[in-house]
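# Observations on the model geometry
In case you want the letters, here they are:
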Amino acid sequence: MNLTRRALVRAGAGAVTAGTIAGCLDDVGSATAEFDTGHAAFFTLWDWTEQISGDAIDFENPVGTGEAGHGWSPSGDLTREIADGGAFVYLDTPEFSWAQDIATTLEDDYDTVTVIDGLAGLDDRLLGWDHEVDAGGHEADHDDHDEHNDSHDGGHDDDHDDHDESHDGHDHDDSSVDPHAWLDPVLAQDMVDTITTGLADADPDNAETYEDNAAAYTDELESLDETFEELIASADRGTAVLAGHDSFTYLQERYGFEIHTPVGVSPQESPSSEAISETIALIDEEGIDTVLYDPFEAPEGQYPQLVDTILEGSDATDAMPLTHLSGTLAKWDEQGWGYREQMEEINVPAFREALGAQ
């Protein structure tokens, strides 16, 4: 991935260098702003930074409850709000172009804000939008992950060697990369490490707090990875049907299953009647009873129209939500569900039903 925006976290080194370019934003903050507040670009990054920082930093998520992070546009004064804090955590990818723009402004014009790109260091492990899932390659891939767990505290220079080799030659430009790496609990551990290192380097007085919190949270992500392993191992089928755009390529690649959708990867695409007919035929052929859908596209208490169409035309009788975790819903927020809880309470049960797992 050839990043077009200059990130302050560099691949390989696993460290963050605070911007040193002189300059200022009009009417924004001062050069002595305290490192006690920050912003994260969307729900998952916000939850991770909260888990890592604990009481040391109060992070805010500008994307409102009920809104997905994809395609979101901020108010005109958000840059000023972010520049008043000590840190900005984002993903350097066009799907969050507003965050790229703010990161560039901070780097160029304001030298007191630590800018952390959560995708830094993952270039060779990021997948393209056109990536074809290898549903049979999971067992070997997880062996590499076990090695990663064994050496997790020792750095990332040699992590996932075999997995990296499987992506050699993937010289993605930034517009061709699928950004949903956060949905892979293994890559999530690396992203948490990157954020932790960035915060610790920028705020050494609280470095031990960040590192201890991250270590505890990484244990939870490892447990989530094991849950998905066990789920897929007990599944009756290797294909699930999603009535919506597919944000889950990283999960499919990691655990060796497939998601079929009549929509494709773009939320702007509308399914053709032929694609819907093919989906219905697959459901009946595979004996699939539960169809998955994006809850951000569902009216409260109702299924999206595409789900109703598929249920009416097929033998399937049920539908369950599957969240891409770029946002959260009010009912989940009220229960205090973060990334891990939404994975365990929403996505794991959905895949369990859709794949016929124990």
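Residues numbered from 1 in each chain as written. Predicted model: local features only at pLDDT ≥ 70, side-chain atom pairs only at ≥ 80, totals over all residues. Heavy atoms only, no water.

### Comments concerning the sheet that holds strand S9 (residues 290-293)
Put simply, the test is: Pairs of strands are assigned from DSSP output, requiring at least two bridges between the strands. Going along the chain from the N terminus, every DSSP run of H or I of four or more residues is numbered as a helix, and every run of E of two or more is numbered as a strand. Angles run from 0 to 180 degrees between N-to-C directions of axes, and those axes are lines fitted to C-alpha atoms, restricted for helices to the stretch in contact. Working rule for contacts: check all heavy atoms of both residues, and any pair within 4.5 Å makes them a contact.
Strand order in this open sheet of 4 strands is S8-S7-S9-S10, and the pairing throughout is parallel. Pairing within the sheet leaves two strands with one partner each, and these edge strands are strand S8 (258-260) and strand S10 (318-321). With direction set aside, neighbouring strand axes in the sheet form an average angle of 40 degrees. Of the strands in this sheet, strand S7 (239-243), S8 and S9 are in contact with helix H9 (residues 273-286), which crosses S7 at around 145 degrees.

### Things to note about helix H12 (residues 339-355)
How we decide: Note on bend: at a given residue it equals the angle between the axes fitted to the 7 residues ending there and to the 7 starting there. Think of it in three bands: with a 1.4 Å probe and only protein chains considered, a residue is buried below 20% of the maximum accessible area for its type, exposed above 50%, and partly exposed in between.
At asparagine 347, H12 shows its strongest bend, of approximately 30 degrees, with the proline proline 349 following within four residues. Taking burial as the measure, the 17 residues of H12 include 12 buried ones, the bulk of the element. Tyr339, Arg340, Glu341, Gln342, Met343, Ile346, Asn347, Val348, Ala350, Phe351, Ala354 and Leu355 are the residues of H12 that are buried. Looking one or two residues beyond H12, the residue adopting positive phi is glycine 356, at roughly 65 degrees.

### Comments concerning the sheet that holds strand S6 (residues 114-117)
Spatial ordering of the open sheet is given by S4-S3-S5-S6, a layout of 4 strands whose pairing is parallel. Looking at the sheet topology across the chains shown, the edges are occupied by strand S4 (58-60) and S6. If you compare each strand with its neighbour and ignore which way they point, the axes differ by 20 degrees on average. The pairing of strand S3 (residues 37-40) with S4 spans 3 bridges and is classified as parallel. Following the sheet pairing, threonine 37 is matched in S4 by aspartate 58. Across the sheet, helix H3 (residues 97-109) is in contact with strand S5 (87-90) and S6; its angle to S5 comes to roughly 145 degrees.

### What to know about the nonpolar core
Burial of nonpolar side chains together is a common tendency in soluble globular proteins. Rules: Nine residue types can take part in a nonpolar core, namely buried Ala, Val, Leu, Ile, Met, Phe, Trp, Tyr and Cys, and a core is a set of them joined through side-chain atoms within 4.5 Å.
By size, the foremost hydrophobic cluster in this structure holds 74 residues, and its most contacted members are Trp48, Phe88, Trp182, Leu199, Tyr339 and Phe351. The greatest single-element share of this core, amounting to 9 residues, is contributed by helix H7 (residues 207-233). Membership of the second largest hydrophobic core comes to 17 residues, among which are Ile280, Leu282, Leu306 and Val307.

### What to know about the packing of aromatic side chains
This is how the line gets drawn: Working definition: rings of Phe, Tyr and Trp (its six-membered ring) pair if their centres are within 6.5 Å, and the pair is stacked with planes under 30 degrees apart, edge-to-face with planes over 60 apart, and tilted otherwise.
Taken as a whole, this structure holds 14 aromatic pairs when the rule is applied. Consider the rings of tryptophan 72 and tryptophan 98, whose centres lie 4.9 Å apart with planes at 70 degrees: the pair is edge-to-face. With tryptophan 72 in the loop between S4 and helix H2 (78-83) and tryptophan 98 in helix H3, this residue pair connects regions lying 26 residues apart in the sequence. For the pair shown, tryptophan 72 and tryptophan 98 are each scored as buried. With a centroid separation of 5.6 Å and an interplanar angle of 10 degrees, the aromatic rings of phenylalanine 88 and tyrosine 90 are classed as stacked. Here the aromatic residues Phe228, Phe248, Tyr255, Phe257 and Phe351 are joined through ring pairs into a cluster of three or more.

### A short note on the pairing of S5
Residues of S5 alternate between two faces, with Ala87 and Val89 on one and Phe88 and Tyr90 on the opposite face, all of them buried. In the sheet, S3 pairs with S5 via 3 bridges, with the strands oriented parallel. Within the sheet, the bridge partner assigned to histidine 39 lies in S5 and is phenylalanine 88. Bridge analysis of S5 against S6 gives 4 bridges, and the strand direction is parallel. The residue of S6 that forms the bridge with alanine 87 is threonine 114.

### A few points about the confidence of the model for the protein chain
If pLDDT is low for a region, its predicted coordinates should not be looked at in detail. Counted only if it meets this: For every residue, the pLDDT score states the predictor's confidence, bounded by 0 at the bottom and 100 at the top.
Per-chain confidence: the protein chain averages 83 in pLDDT, with 77% of residues scoring 70 or above. A low-confidence stretch, residues 137-172 (pLDDT under 50), is modelled with 51 contacts involving residues beyond four sequence positions or located in other chains.

### Concerning helix H6 (residues 185-202)
Because an α-helix packs 3.6 residues into every turn, residues spaced three or four apart end up facing the same way. For clarity, the threshold we go by: Helices are assigned an expected span. That span is 1.5 Å times one less than the residue count. Polar contacts here mean pairs of N or O atoms no more than 3.5 Å apart (in protein, one a potential hydrogen donor and the other a potential acceptor; neighbouring residues in sequence count only if both atoms are side-chain atoms).
Here H6 contains 18 residues, and its C-alpha end-to-end distance of 26 Å stays within 8% of the 26 Å for a straight helix at 1.5 Å per residue. In terms of burial, H6 is largely enclosed, as 15 of its 18 residues are buried. If you check the start of H6, you find a side-chain oxygen 2.8 Å away from the backbone N of valine 186, and it comes from aspartate 184.

### Comments concerning the packing of helix H1 (residues 43-53) against H6
For clarity, the threshold we go by: Relative orientations are named as follows: roughly parallel for angles under 35 degrees, roughly antiparallel for angles over 145 degrees, roughly perpendicular for angles from 65 to 115 degrees, and oblique for any other angle. If you view the pair so one helix is near and one far, a crossing is left-handed when the near helix is turned anticlockwise from the far one by less than a right angle, and right-handed when it is turned clockwise. Classification convention: Asp, Glu, Lys, Arg as charged; Ala, Val, Leu, Ile, Met, Phe, Trp, Tyr, Cys, Pro as nonpolar; all other residues, Gly among them, as polar.
The N-to-C vectors of H1 and H6 enclose an angle of 55 degrees; their axes lie 10 Å apart at closest approach. On the basis of their axis angle, the class for H1 and H6 is oblique. Where H1 crosses over H6, the handedness of that crossing is right-handed. Facing H1, whose interface residues are Leu45, Trp48, Thr49 and Ile52, H6 presents Ala188, Met191, Val192, Ile195, Thr196 and Leu199. Residue composition of the contact of H1 with H6, grouped by class: 8 nonpolar, 2 polar and no charged.

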